[in-house]
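Letter by letter, the chains look like this.
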Amino acid sequence: MQLRDKLDQDRMLITAWSTSPSEEMAGALARCPFDTVTVDMQHGAHTETTAFASAKAIFAAGKPAIMRIPVGRNDLASRALDMGFEAVIAPMINSVSDAEAFAAAMKYPPVGERSWGPMRALQLHSGHSPESYFRSANSETLALAMIETRAAFAALDGILATDGIDGIFVGPSDLSISWSDGAGVDPQNEELQDVIAEIGNRAHRAGKAAAIFAVDPADVPRFGKMGYRLAALNTDPAIIHAGAAVMLDKARG
Ligand code: 3PY
Ligand code: MG
């Protein structure tokens, strides 16, 4: 089942967040009971080589792969889809024109300007002929625009209405920096929770997917009540730390 169909179901999907430039690590995350794995090329240490190898490892574990591109790297968004990623998260989408440029890279004409060449995607998604991939790609791939500044919040309705944008992805850390005018970073700030709820509601009303990065797994059920359908559970080092803490506690009695 495609990531898009899973998102339409009435349950919260959880993605692992791969920052370590290793296909083995990405594959290991995919074999955990996450719904999907996101390969982070904005702040993660992945190169294109490790990211594309990771997509194969994630796919081999039977899971869909998501890529987060660096700011403004819409060329990489098209390339990620060609390499078999099903969804792309674009950071710092702060205006309708940012959203339009991202959507153009993600969708084939007539919606956008994506150029043809999904060779690896066709190998991985073996049920597709070139023709059927072309016909279904615009509706099956997901373009998720990150809302993580005051400017993005001000432009939210326009971003949500942009043709080719399938949903939004909230970055609470950057949002907290922008919301405090640079006074600090506090993704779990109380004041921010109303803003996060408002973004989830507006996405829901616009019929678009809402996703968010969760610093604390305990926040995920609350985000679900706000209309969010996809949450990232911190990063791979955080998962190792949490697992090590549990194992060491047991070992030391
Ligand atoms: C943020 O919280 O700003 C993010 O981009 C999450 O990765
Ligand atoms: Mg961010």
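Overview of the structure. (Residues numbered from 1 in each chain as written. Chains lettered and ligands numbered in written order. Predicted model: local features only at pLDDT ≥ 70, side-chain atom pairs only at ≥ 80, totals over all residues. Heavy atoms only, no water.)

What follows covers the packing of helix α4 (residues 74–82) against helix α5 (residues 96–106). At a minimum axis distance of 8 Å, the contact between α4 and α5 shows a crossing angle of 30°. In terms of orientation, α4 and α5 fall into the roughly parallel class. With respect to the hand of their crossing, α4 and α5 are arranged in right-handed fashion. On α5, the residues that touch N74, A77, S78 and L81 of α4 are A101, F102, A105 and M106. (Axes fitted to C-alpha atoms, helices over the stretch in contact; angles between N-to-C directions. Helix = DSSP H or I, 4+ residues; strand = E, 2+ residues; numbered from the N terminus. Parallel < 35°, antiparallel > 145°, perpendicular 65-115°, else oblique. Left-handed = near helix turned anticlockwise from the far one by under 90°. Contact = heavy atoms within 4.5 Å.)

At the metal site, the magnesium ion (ligand 2) is ligated by E148 (OE) and D174 (OD), and these contacts range over 2.1 Å. With a gap of 26 residues between them, E148 in the loop between β5 (142–147) and α8 (150–154) and D174 in helix α10 (residues 172–179) connect regions that are remote in the sequence. What makes D174 partly exposed here is its relative accessible area of 23%. (Donors = N, O, S within 2.8 Å, 3.2 Å for Na, K, Ca; no water. Buried < 20%, exposed > 50% of the residue type's maximum accessible area, 1.4 Å probe, protein only.)

So, about the packing of aromatic side chains. Inspection of every chain in the model, using the stated rule, returns nine aromatic pairs. Between Y108 and F134, the ring centres sit 5.2 Å apart and the planes meet at 45°, which makes this aromatic pair tilted. Of this pair, Y108 sits in the loop between α5 and α6 (119–124) while F134 sits in helix α7 (residues 130–140), and the two are 26 residues apart along the sequence. Since its relative accessible area comes to 1%, Y108 is described here as buried. (Phe/Tyr/Trp six-rings, centres within 6.5 Å; stacked < 30°, edge-to-face > 60°.)

Looking now at a nonpolar patch on the surface. Residues W116, M119 and F134 make up a contiguous nonpolar surface patch of roughly 320 Å² in combined accessible area. Within the secondary structure layout, M119 lies in helix α6. (Patch = residues over 30% accessible without salt bridge, like charges linked within 9 Å, V, L, I, M, F, W, Y side chains within 5 Å. Areas by Shrake-Rupley, 256 points an atom, 1.4 Å probe, with all protein chains shown as cover. Salt bridge = Lys/Arg side-chain N within 4 Å of Asp/Glu carboxyl O.)

The alternating pattern of strand β4 (residues 87–90) places A87 and I89 on one face and V88 and A90 on the opposite face, and all of these are buried. Judged from the three bridges that link them, strand β3 (residues 65–68) and β4 form a sheet pairing that is parallel. Within β4, the position partnered with I66 by the bridge is A87. In terms of handedness, the path from β3 via α4 over to β4 forms a crossover that is right-handed. In this sheet, β5 lies alongside β4 in parallel orientation, the contact comprising four bridges. Residue pairing in the sheet places I89 in a bridge with L144 of β5. (Pairing = 2+ DSSP bridges. Right-handed = clockwise from strand over helix to strand, strands pointing away.)

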